[in-house]
Amino acid sequence: MANSAVPEQKPDRETPKFSNEAKKKFDELLTRYDSKRSALLPVLHLAQDEFGSLSDSVVEYVAELMDLSPAQVTEVVSFYHMYHRHPVGQHHLQFCMTLSCWMAGSHQLYKNTCSRLGIKPGEVTPDGKFSVAKVECLGSCGSAPIVQVNEAYYENLNPEKLNRLINSCKEGEPQTP
Ligand code: FES
């Protein structure tokens, strides 16, 4: 006999959903802001931590939660380099390509790294440890060239220092070279 109490389910197998713990954090975040929209940046961080990246389906999920359109959320996600549209490695290396860093050799450092790790932007090394990206000015132009690894900056780099930095990542945690 059919159970009329079964709730209607959307047949979208890709639809992400916060875990209970993440949902609790989401509810708590909303209490800190006057409007839902103001909580968008931390909610995006939460979603990225929860789902690994902000794919189209995650963006749609966040948009629904925040009473925004997917286009509005996508606009914010695309603006900030700390949000990732694709899965990234355990150590996400972001190379600043703006003028001061470029002139100090960031492009060559980036090329060397892609070649050493055998990846290009949007790819992750087979062991899941590394991914790379080119980004715009990180706001520390006086210490060019800069690489950001996850949340931390590594400044005044040269090929040798960068190699040591990557070696330390391979061994566990990035160390200032
Ligand atoms: S140009 Fe690279 S930090 Fe500003």
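Here the structure is a predicted model, which is why all the values come from computation and not from measurement. (Residues numbered from 1 in each chain as written. Predicted model: local features only at pLDDT ≥ 70, side-chain atom pairs only at ≥ 80, totals over all residues.)

### Considerations on the overall build of the protein
Right, on to step 1. Along the backbone of the protein there are 7 helices and 4 strands.
Right, on to step 2. Tracing the protein from N to C terminus, the helices and strands come up as α-α-α-α-β-α-α-β-β-β-α.
Right, on to step 3. Seen along its three principal axes, the alpha-carbon backbone of the protein occupies a region of about 70 × 40 × 25 Å.
Right, on to step 4. Within the protein, the fraction of its 177 residues that count as buried is 21%.
Right, on to step 5. For the protein, the share of sequence-separated contacts (at least 6 apart) that also reach a separation of at least 24 residues comes to 54%. (Helix = DSSP H or I, 4+ residues; strand = E, 2+ residues; numbered from the N terminus. Buried ≥ 20, exposed ≤ 12 C-beta atoms within 10 Å, placed from the backbone. Contact = placed C-beta atoms within 7 Å.)

### Some points on the pairing of strand S1 (residues 91–96)
Right, on to step 1. By the criterion of burial, S1 is predominantly enclosed, with 5 of the 6 residues buried.
Right, on to step 2. Note that S1 and strand S2 (residues 130–135) share 6 bridges and pair parallel. Residue pairing in the sheet places Phe-95 in a bridge with Lys-134 of S2. (Pairing = 2+ DSSP bridges.)

### Some points on the nonpolar core
Right, on to step 1. Ranked by size, the top nonpolar core spans 17 residues in total, and within it Phe-95, Ile-146, Val-147 and Leu-162 carry the most contacts.
Right, on to step 2. Where this core is concerned, the elements lending two or more residues are S1, helix H6 (106–117), S2 and helix H7 (159–171).
Right, on to step 3. Once you skip the residues sitting within four places of it in the chain, Val-147 turns out to touch Leu-93, Gln-94, Phe-95, Tyr-154, Leu-157 and Leu-162.
Right, on to step 4. The next biggest cluster of nonpolar side chains, apart from the first, holds 12 residues, and it includes Val-58, Val-62, Val-73 and Val-77. (Core = buried A, V, L, I, M, F, W, Y, C linked by C-beta atoms within 7 Å.)

### A closer look at the sheet that holds S1
Right, on to step 1. Read across the open sheet, the 4 strands follow the order S2-S1-S3-S4; overall the sheet is mixed. Of all the strands in the sheet, the pair left with one neighbour each is S2 and strand S4 (152–154). Within this sheet the neighbouring strands show an average axis-to-axis angle of 25°, counted without direction. (Axes fitted to C-alpha atoms, helices over the stretch in contact; angles between N-to-C directions.)

### Re the packing of H6 against H7
Right, on to step 1. Between H6 and H7, whose axes approach to 11 Å, the crossing angle comes to 40°. In terms of orientation, H6 and H7 fall into the oblique class. For the pair H6 and H7, the sense of crossing is right-handed. Every residue of H7 that contacts H6 at Leu-109, Asn-112, Thr-113 and Arg-116 is listed here: Pro-159, Leu-162 and Ile-166. (Parallel < 35°, antiparallel > 145°, perpendicular 65-115°, else oblique. Left-handed = near helix turned anticlockwise from the far one by under 90°.)

### A look at H6
Note on helix geometry: an α-helix contains 3.6 residues per turn, so any two residues three or four positions apart are oriented the same way.
Right, on to step 1. Taking 1.5 Å per residue, 12 residues should reach 16 Å; H6 reaches 16 Å between its end C-alpha atoms and fits that length.
Right, on to step 2. The complete set of buried residues in H6 reads Ser-106, Leu-109, Tyr-110, Thr-113 and Leu-117. In a view along the axis of H6, the buried residues occupy a sector of 100°, so they form one face of it. The outward face of H6, more than 90 degrees from its buried face, is lined by the exposed residues Lys-111 and Ser-115. (Expected span 1.5 Å × (residues − 1). Arc of directions from axis to C-beta.)

### Looking at the packing of helix H1 (residues 20–31) against helix H2 (residues 40–51)
Right, on to step 1. Relative to each other, H1 and H2 sit at 175°, their axes nearing to 10 Å. With respect to each other, H1 and H2 are oriented roughly antiparallel. Where H1 abuts H2, its residues Ala-22, Lys-25, Phe-26 and Leu-29 lie against Pro-42, Val-43, Leu-46 and Glu-50.
Right, on to step 2. Grouping the constituent residues of the contact of H1 with H2 by class yields 6 nonpolar, no polar and 2 charged. (Nonpolar A, V, L, I, M, F, W, Y, C, P; charged D, E, K, R; others polar.)

### Digging into the environment of Ala-22
Right, on to step 1. Along the chain, the position of Ala-22 falls in helix H1.
Right, on to step 2. Overall, the presence of 15 C-beta atoms within 10 Å leaves Ala-22 in the partly exposed class.
Right, on to step 3. Note: C-alpha distance between Ala-22 and Glu-50 (28 residues apart in sequence) is 7.2 Å.

### Points about the domain arrangement of the protein
Right, on to step 1. Along its sequence, the protein is organised into domain 1 (20–79) and domain 2 (91–171).
Right, on to step 2. Between the C-alpha centres of domain 1 and domain 2 the distance comes to 28 Å. (Domains from an automatic or database assignment.)

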